[in-house]
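Geometric and topological summary
Here are the chains, one letter per residue:
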There are 2 protein chains.
Amino acid sequence: MSTSDAPALDPTAPIADLTAAIVDIESVSGNERALADAIEQTLLHRAPHLEVLRDGDTVIARTDRGLPQRVLLAGHLDTVPLAGNLPSRRRVREGREELWGRGSCDMKGGVAVLLALAVEADAAPMDLTWIFYDHEEVAAADNSLTRLAAERPKLLEADFAILGEPTSAGVEGGCKGTMKLEVTARGIAAHSARDWVGDNAIHHLAPVLERLAAYEARRAVIDGLEYRECLNAVAISGGIAGNVIPDRASATLNYRFAPDTSVEQAEAHVREVLAGLDLDIEVTDAAPGALPGLDTAPARAFLAALGADVPVAAKQGWTDVSRFAALGTPAVNFGPGDPLLAHTDDEHVPVADLEAALAGLRRFLAPSAPATTLDA
Amino acid sequence: MSTSDAPALDPTAPIADLTAAIVDIESVSGNERALADAIEQTLLHRAPHLEVLRDGDTVIARTDRGLPQRVLLAGHLDTVPLAGNLPSRRRVREGREELWGRGSCDMKGGVAVLLALAVEADAAPMDLTWIFYDHEEVAAADNSLTRLAAERPKLLEADFAILGEPTSAGVEGGCKGTMKLEVTARGIAAHSARDWVGDNAIHHLAPVLERLAAYEARRAVIDGLEYRECLNAVAISGGIAGNVIPDRASATLNYRFAPDTSVEQAEAHVREVLAGLDLDIEVTDAAPGALPGLDTAPARAFLAALGADVPVAAKQGWTDVSRFAALGTPAVNFGPGDPLLAHTDDEHVPVADLEAALAGLRRFLAPSAPATTLDA
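What counts, and where the lines are drawn
Residues numbered from 1 in each chain as written. Chains lettered and ligands numbered in written order. Predicted model: local features only at pLDDT ≥ 70, side-chain atom pairs only at ≥ 80, totals over all residues. Heavy atoms only, no water. Helix = DSSP H or I, 4+ residues; strand = E, 2+ residues; numbered from the N terminus. Buried < 20%, exposed > 50% of the residue type's maximum accessible area, 1.4 Å probe, protein only. Contact = heavy atoms within 4.5 Å. Least-squares fit on C-alpha atoms with pLDDT ≥ 70 in both. Axes fitted to C-alpha atoms, helices over the stretch in contact; angles between N-to-C directions. Parallel < 35°, antiparallel > 145°, perpendicular 65-115°, else oblique. Left-handed = near helix turned anticlockwise from the far one by under 90°. Domains from an automatic or database assignment. Buried area = accessible area lost by both parts, 1.4 Å probe. Salt bridge = Lys/Arg side-chain N within 4 Å of Asp/Glu carboxyl O. Polar contact = N/O pair within 3.5 Å; in protein donor to acceptor, adjacent residues only side chain to side chain. Nonpolar A, V, L, I, M, F, W, Y, C, P; charged D, E, K, R; others polar. Patch = residues over 30% accessible without salt bridge, like charges linked within 9 Å, V, L, I, M, F, W, Y side chains within 5 Å. Areas by Shrake-Rupley, 256 points an atom, 1.4 Å probe, with all protein chains shown as cover. Pairing = 2+ DSSP bridges.

1. Thoughts on the environment of alanine 38 of chain A
Residues and elements named next belong to chain A. Here alanine 38 is to be found in helix 2 (residues 33-46). Residue alanine 38 is classed as buried on the basis of its relative accessible area, which comes to 7%. Residues alanine 38 and alanine 121, spaced 83 residues apart in sequence, show a C-alpha to C-alpha distance of 19 Å. What alanine 38 contacts, discounting residues up to four positions off in sequence, is Ala8, Leu9 and Ile25.

Below, the structure is given as structure tokens:
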């Protein structure tokens with residue numbers, strides 16, 4: 001247990017204030033320590049009903065009241081790199097109050113909601129596991145849930161899981177899979193004043209970019225939810241010196257595939273798209289999607305607590321919902337913020353979303369809710 | 001004047017040994033100091049007939065005997081980056097003795113020949129200026145001759161100039177111009193799982209690479225010499241993070257144009273090649289070519305000293321011959337090494353080339369040569 005001073009965060013502050021405080025602790029992937037410290041201190045000082053564990057820059061907090069059901073609620077602490085969008089700002093646009101800044105949408109709004117409820121929900125009708133984890137916005141292999149699943153799998157056991165990823169406070173089922181591939185073209189180096197004795201590797205990437213630019217992505221409808229696939233170059237590099245024809249150039253491709261497609265099928269598809277080109281193709285990262293699990297009993301109970309007005313859709317972005325699906329745990333995405341704004345320079349979250357997500361989860365965790373709801 | 005110890009180089013050693021010693025002093029652009037020090041010390045200790053000046057990492061050595069003609073002989077000290085090709089190695093291939101290693105061809109063989117003759121030629125029939133300079137293999141603006149021309153133009157004055165760039169010990173007239181352009185495509189950043197709300201800037205480079213790959217370069221014949229143009233992407237970059245559609249991607253283009261084309265015409269041509277594409281195009285570096293000056297009197301005298309068997313061709317690579325052409329000084333390229341090997345991983349120089357270049361220049365600078373040859 002820590003001997004640190006008072007926690008840095010006030011979990012009982014208005015939810016927009018708590019979110020702003022969390023956004024303003026910069027935590028680009030790899031730099032989550034300060035935020036993890038603040039979360040840990042807050043829980044240690046303000047949530048005596050929880051057992052608080054620290055694993056690297058992941059904070060786990062649990063009740064253990066011997067209740068028949070356990071629900072896991074999780075959110076990641078890290079963000080993509082900054083784009084001049086810190087510190088956060090409050091603003092009003094078209095009559096709507098918003099919080100703007102890197103991570104406000106993906107997913108510090110969700111982290112704030114989870115933190116507030118972790119402190120508040122000391123008498124929920126089920127046991128609760130709260131996980132605040134690091135390294136989500138990077139290679140799946142570096143994600144702390146990968147380590148936890150391998151080293152401390154008991155901590156991830158639950159009957160139902162809710163991930164606080166942005167869904168505009170609606171429910172998004174399942175998620176697409178994701179794969180990264182390194183595509184490398186080879187050539188022959190030469191002086192750039194005598195290119196006829198060389199072979200320009202950068203020019204060999206022309207048909208790769210052409211095919212990506214012309215690519216028509218599949219739209220898969222599963223359980224009534226539409227998953228739109230995406231295939232993109234997310235990085236490209238090549239060049240030795242300003243007067244050298246380069247003998248090597250490469251592009252990093254990211255394929256987001258519908259959850260009815262396996263990792264193996266996804267790789268075969270990308271290789272088919274690039275068929276006939278003289279390239280080295282290597283898969284460097286892959287994670288399967290998750291089929292929507294909305295017809296399971298715990299998911300139906302959660303939907304009932306939220307009410308009939310809450311929209312239900314497909315999750316387009318890969319989320320750790322797929323890890324729980326792989327463990328056999330029904331899991332949904334539910335959090336404040338428009339997922340279309342994630343990773344953009346104009347990332348922001350409506351204050352109304354923060355309040356709606358907080359209110360919805362509060363109903364689900366309220367002591368008055370009968371524990372048997374989960375068996376409905 | 002330096003108080004340093006004995007010079008690091010033996011200018012009277014066999015020319016292949018002297019070249020190897022110079023190759024083994026690594027001098028990738030920006031790291032020329034150690035080699036400049038060695039050259040300076042060698043001249044200070046072994047060439048009392050020369051005035052030795054130091055300007056940054058450039059070494060200038062001059063006679064001032066009041067002779068009616070002055071010939072300038074120059075070579076650059078720097079190389080392109082290493083490719084695992086240091087230290088140098090001697091080898092025999094197909095019965096031919098070679099020295100292999102970064103810079104052996106471009107242009108430390110020429111530097112060795114110039115250094116040996118600077119020490120030896122103390123009674124030439126003309127005054128001599130020797131220049132060993134830095135930063136040739138980078139942007140023209142960083143080339144030390146740019147600084148010398150601006151700040152100490154008197155040092156560059158001459159009636160004829162010989163650059164020791166690799167020509168296989170033949171004479172290469174003029175040189176092509178060179179231009180670098182930064183070509184940037186813009187898009188809209190988004191999460192890579194939802195590409196339909198973004199616009200991938202990397203994909204916008206597809207038509208740029210397509211046009212470069214399909215480009216048919218002009219061959220210009222001037223004064224009987226053929227200059228082959230080249231247009232290439234020498235670098236490409238783009239990408240923010242592995243799960244972000246990038247809003248910016250760029251390529252560095254290098255255009256090598258025939259000496260009948262001005263810098264302005266060259267820029268207009270590249271813009272025409274890329275016409276209709278939504279790109280930012282910026283010229284970041286440019287240097288004009290030089291028309292062949294072989295019909296001038298000093299050039300004819302030099303050719304006569306070399307003999308009728310010496311091949312004469314167009315210079316494909318941009319060289320500082322164009323700086324002298326711009327000052328009105330006839331200038332030729334003449335040095336050991338096959339220019340096709342410059343910048344390649346297998347860079348090497350035949351020992352026979354070193355000896356031929358040394359012998360040819362020695363005849364031109366011999367005391368027995370009548371000074372009036374230059375007026376032939």
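2. Points about the environment of proline 339 of chain A
For proline 339 of chain A, the position within the fold is in the loop between strand 18 (331-333) and strand 19 (348-350). A relative accessible area of 10% means that proline 339 of chain A is categorised as buried. Remark: the alpha-carbon pair of proline 339 of chain A and cysteine 105 of chain A, spanning 234 residues in sequence, is separated by 7.2 Å. Here proline 339 of chain A is in contact with Pro166, Thr167, Ser168, Glu172 and Lys315 of chain A together with Arg194 of chain B, once residues within four sequence places are set aside.

3. What about the relation of the copies chain A and chain B?
Superposing the two chain copies requires a rotation about an axis and a translation along that axis. You can overlay chain A on chain B at an RMSD of 0.1 Å; the transform is a turn of 179° with a shift of 0.1 Å along its axis. Viewed as a symmetry operation, the transformation between the two copies matches a two-fold axis. When C-alpha positions in chain A are compared against the rotation axis, the closest is assigned to serine 237 of chain A, at 2.3 Å. Both copies share a contact surface, since 100% of the interface residues of chain A are interface residues in chain B too.

4. Describing unusual backbone geometry
Of the consecutive residues aspartate 106 of chain A and methionine 107 of chain A, the connecting peptide bond is found in the cis state with omega at -10°. In this model, histidine 343 of chain A sits at a positive phi of 75°, which is unusual for a non-glycine residue. Along the chain, histidine 343 of chain A turns up in the loop between strand 18 and strand 19. Positive phi, normally seen in glycine, also occurs at serine 168 of chain B, with a value near 55°. Considering the arrangement of structural elements, one finds serine 168 of chain B in the loop between strand 7 (160-163) and strand 8 (171-173).

5. Thoughts on the packing of helix 7 (residues 297-306) of chain B against helix 9 (residues 351-365) of chain B
Axis angle and axis distance: for two packed helices, these are the angle between their axes and the distance between the axes, and together they describe the pair. Residues and elements named next belong to chain B. It is the contact of helix 7 with helix 9, at a shortest axis distance of 8 Å, that shows an interaxial angle of 120°. Here helix 9 runs oblique to helix 7, going by the angle between their axes. Crossing geometry of helix 7 relative to helix 9 is assigned as right-handed. When helix 7 is examined against helix 9, the residues Phe302, Ala305 and Leu306 are found in contact with a partner set consisting of Gly360, Leu361, Arg363 and Phe364.

6. Brief notes about the domain arrangement of chain A
All names here are of chain A. When the domains of chain A are assigned, the result is domain 1 (3-175 + 290-375) and domain 2 (177-287). Averaged C-alpha coordinates put domain 1 and domain 2 at centres separated by 34 Å. The partner domain 2 presents 13 residues to the 17 residues of domain 1 that form the contact. Summed over both partners, the interface of domain 1 with domain 2 comes to about 1,100 Å²; 60% of that surface belongs to carbon and sulfur atoms. Considering only the side of domain 1, the residues that lose the most area to domain 2 are Pro292, Gln316 and Trp318, jointly responsible for 45% of the buried surface there. Where domain 1 packs against domain 2, one counts 0 salt bridges. Where domain 1 meets domain 2, there are 3 residue pairs in polar contact (both at pLDDT 80 or more). The leading source of residues in the side of domain 1 that touches domain 2 is strand 17 (residues 312-314), at 3 residues. In terms of residue class, the side of domain 1 that touches domain 2 is made up of 12 nonpolar, 4 polar and 1 charged.

7. Things to note about a nonpolar patch on the surface
A contiguous nonpolar patch, built from Trp196 and Val197 of chain A together with Leu340 of chain B and spanning about 210 Å² of accessible area, is present on the exposed surface. Taking the relative accessible area as the measure of exposure, valine 197 of chain A reaches 34% and is therefore partly exposed.

8. Quick word on the interface of chain A and chain B
Every contact between the two is made by 52 residues of chain A and, on the other side, 52 residues of chain B. Both sides together, the interface formed by chain A and chain B hides about 4,400 Å², and carbon and sulfur atoms give 60% of it. Interface area lost by chain A to chain B is led by Arg194, Trp196 and His203 of chain A, which between them contribute 14%. Scanning the region where chain A abuts chain B turns up 0 salt bridges. Linking chain A with chain B are 22 residue pairs in polar contact (both at pLDDT 80 or more), by the criterion used here. Among the elements of the structure, strand 10 (190-191), helix 5 (206-214), strand 13 (230-238), strand 14 (244-245) and strand 15 (248-257) of chain A are those that each provide at least two residues to the side of chain A that touches chain B. The element best represented in the side of chain A that touches chain B is strand 13 of chain A, accounting for 9 residues. Across the side of chain A that touches chain B, the residue classes break down as 27 nonpolar, 15 polar and 10 charged. When strand 13 of chain A meets strand 13 (residues 230-238) of chain B, the two strands line up antiparallel, connected through 3 bridges. Bridging across to strand 13 of chain B, glycine 238 of chain A finds its partner in isoleucine 236 of chain B.

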